[in-house]
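Tertiary structure, described
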Amino acid sequence: MTFLLDWLELAVRWIHVIAGIAWIGTSFYFNWLNDRLSAPERAEPGLVGELWSVHGGGFYRAMKYDTVPRATLGHLHWFKWEAYLTWLSGFSLLVLVYYLRADLYLAGPASVLSPRWAPWIGVGTLVVGWLLYDRLCRSGLGRRPARLVALGVLLTAGAAWGLSQLLGARAGYMHVGALLGTIMAANVFFVIIPAHAELVAAVEQGRDPDRARGEAAAARSRHNNYLTLPVLFVMISGHYPMTYGHAGGWAILLGLFAVGVLTRHGFNRRNAGRRAGWLFPAAALGLLALAVVSTGTRGRAGVDAAATGPVPYAQVQEILVARCVTCHAAEPAHRLFDAPPGGIVLETAAQVRAWAPKIRAVAVDTRIMPLGNFTEMTDEERALLGAWIEQGARTDR
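For clarity, every value in this text was computed on a predicted model and none was experimentally measured.

What follows deals with the overall build of the protein chain. Check the secondary structure of the protein chain and you find 15 helices and two strands. C-alpha extents for the protein chain along the principal axes are approximately 85 × 50 × 45 Å. Considering only intrachain contacts with a sequence separation of at least 6, the fraction spanning at least 24 residues in the protein chain is 66%. Total accessible area on the protein chain stands at roughly 21300 Å², and carbon and sulfur atoms take up 65% of it. Counting 36 positive and 27 negative side-chain charges, the protein chain places the averaged centre of each group 8 Å from the other.

Written as structure tokens, this is what we have:
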């Protein structure tokens, strides 16, 4: 059964990546196109801008109209399924990876939640988050972008902190990303596509379109544009425990979101022909500052190799057998794994020595392993592992 679930997860993850590339790619392109349009070379009813470009061995002329003849409506392409499929596959991954394995990935022994209730916290975050965001956009704050953004940052910070307390470190990150992704997809489903449908209906009926709905759709599209890079970071964050495993991982996440938004804003300004040179160095410096801050993950287990004294490998082996080898064996004993996670096997001294830096990073510095600490590794055991590694990870004592 685990083997089949792993293949199902692989297939869904692949679909998620493909759909995400298609969705974000079209988002990037159309935002770029709107910023690059110039006045049309000739007057034509409904034509508001055009752009010449070269690609694939030919020349292209893109033209934007605010209205079109009825006869052309049957040839319109709707960009929506990219967003829907990205969200559906992403939510399916939450179920496959986190909700069906809640005792490992959502709520371990140290969690204040039981594995039974943790998934409902995750789903509730997505639903309540979207409803709150949508309500704020439809309120008076929707006409005050600066205030809306400021409140959005505070609410995102609250969600990141709260989820970091309730769920596992990596699960908290994933659910903040899923919340932003849900907002983006719901913007498409509930606001942007209905506004496009209203525009088409107005052309068919020969009346003026509802401008308010068009303006709302444009605003939500811009929101989606700025959220893309933060969501993309969360998609890859699982590979970098020095971020979510930090004691202040939720603050690190917000900092990385700020870097992504600065970068996106820089591209938007440059695409519009405005100066943006300072934004990219600012984003790079911000990333460097976060890297420096994240070094504070080292030594969390109170490792002092000199004070601990020589640590024999036999003691290290005893800890690993009790806390790690359940999963990290050639044939794992844990019910959820048919193969050792990440290909990491810790059954021999040579294998342990080869993986010592990784053990230090995930079991000592960030404490993200064992998953959910389901084997209940103690601080003293983590300190002994760290001391042995600092003493040179020798296998002969």
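What follows is about the pattern of salt bridges. By the definition in use, this model includes 13 salt bridges. The salt bridge partner of arginine 101 is aspartate 6, with a shortest N-O separation of 3.2 Å. With arginine 101 in the loop between α2 (81–99) and α3 (102–105) and aspartate 6 in helix α1 (residues 2–36), this residue pair connects regions lying 95 residues apart in the sequence. When the shortest N-O distance is used, the salt bridge between glutamate 9 and arginine 101 registers 3.8 Å. Linking glutamate 9 in helix α1 with arginine 101 in the loop between α2 and α3, this pair joins segments that are 92 residues apart in sequence. Look at the salt bridges and you will find they share partners, linking Asp6, Glu9, Arg13 and Arg101 into a network.

All right, on to the packing of aromatic side chains then. One pass over the full model with this rule turns up 15 aromatic pairs. Taking 6.4 Å as the distance between ring centres and 75° as the angle between the ring planes, the aromatic pair formed by phenylalanine 91 and tyrosine 99 counts as edge-to-face. Considering the side-chain rings of tyrosine 173 and tyrosine 244, the 5.9 Å spacing of their centres and the 70° angle between planes classify their relative orientation as edge-to-face. On the criterion of sequence distance, the pair formed by tyrosine 173 in helix α6 (residues 169–205) and tyrosine 244 in helix α8 (residues 241–244) is long-range, its members being 71 residues apart. Overall, tyrosine 173 belongs to the buried group, its relative accessible area being 3%. Note on tyrosine 244: relative accessible area 6%, which makes it buried.

Moving on to the packing of helix α4 (residues 118–138) against helix α5 (residues 145–166). Running from amino to carboxyl end, α4 crosses α5 at an angle of 170°, the nearest separation of the two axes being 12 Å. Put simply, α4 runs roughly antiparallel to α5. Two secondary-structure elements touch here, α4 through Ile121, Thr125, Leu132, Leu136 and Cys137 and α5 through Leu148, Leu151, Leu155, Leu163 and Leu166. Across the contact of α4 with α5, the residue classes break down as nine nonpolar, one polar and no charged.

Turning next to helix α12 (residues 313–323). The set of residues buried in α12 consists of Tyr313, Val316, Ile319 and Leu320. Within α12, the buried residues cover an arc of 120° as seen down the axis, which keeps them to one side. Looking at α12, the residues exposed on the side facing more than 90 degrees away from the buried face are Ala314, Glu318 and Val321. Buried positions along α12 lie against α13 (349–354) and α15 (379–390).

It is worth spelling out α6 at this point. Its 37 residues give α6 an end-to-end C-alpha distance of 53 Å, which sits within 8% of 54 Å, the value for a rise of 1.5 Å per residue. By the largest-angle criterion, valine 188 marks the main kink of α6, which is about 40°. Summarising burial for α6: 27 of the 37 residues are buried, a large majority. Among the residues trailing α6, glycine 206 stands out with phi positive, at a value near 70°.

Once that is clear, we can look at the confidence of the model for the protein chain. This prediction gives the protein chain a mean pLDDT of 90; 94% of its residues lie at or above 70. When the elements of the protein chain are averaged for pLDDT, helix α11 (residues 305–308) gives the smallest value, 54, and α4 the largest, 97. Contacts for the low-pLDDT stretch residues 298–302, under 50 throughout, to residues beyond four places or in other chains number 16 contacts.

It is worth spelling out the side chain of threonine 366 at this point. Positionally, threonine 366 belongs in the loop between α14 (356–365) and α15. Taking relative accessible area as the criterion, threonine 366 reaches 5% and is therefore assigned buried. In terms of polar contacts, threonine 366 uses its side chain to reach the backbone carbonyl oxygen of alanine 361, at 2.7 Å.

What follows is about the pairing of strand β2 (residues 58–65). Judged from the eight bridges that link them, strand β1 (residues 47–55) and β2 form a sheet pairing that is antiparallel. Bridging from a neighbouring strand, leucine 47 pairs with tyrosine 65 of β2. As consecutive antiparallel partners, β1 and β2 are separated by two residues, and within that stretch glycine 56 has a phi angle of approximately 60°, a positive value.

Conventions we followed
- Residues numbered from 1 in each chain as written.
- Predicted model: local features only at pLDDT ≥ 70, side-chain atom pairs only at ≥ 80, totals over all residues.
- Heavy atoms only, no water.
- Helix = DSSP H or I, 4+ residues; strand = E, 2+ residues; numbered from the N terminus.
- Contact = heavy atoms within 4.5 Å.
- Areas by Shrake-Rupley, 256 points an atom, 1.4 Å probe, with all protein chains shown as cover.
- Lys, Arg positive; Asp, Glu negative; His and termini not counted.
- Charge placed at Lys NZ, Arg CZ, Asp CG, Glu CD.
- Salt bridge = Lys/Arg side-chain N within 4 Å of Asp/Glu carboxyl O.
- Phe/Tyr/Trp six-rings, centres within 6.5 Å; stacked < 30°, edge-to-face > 60°.
- Buried < 20%, exposed > 50% of the residue type's maximum accessible area, 1.4 Å probe, protein only.
- Axes fitted to C-alpha atoms, helices over the stretch in contact; angles between N-to-C directions.
- Parallel < 35°, antiparallel > 145°, perpendicular 65-115°, else oblique.
- Nonpolar A, V, L, I, M, F, W, Y, C, P; charged D, E, K, R; others polar.
- Arc of directions from axis to C-beta.
- Expected span 1.5 Å × (residues − 1).
- Bend = angle between axes of the 7 residues up to and from the residue.
- pLDDT = per-residue confidence, 0-100.
- Polar contact = N/O pair within 3.5 Å; in protein donor to acceptor, adjacent residues only side chain to side chain.
- Pairing = 2+ DSSP bridges.

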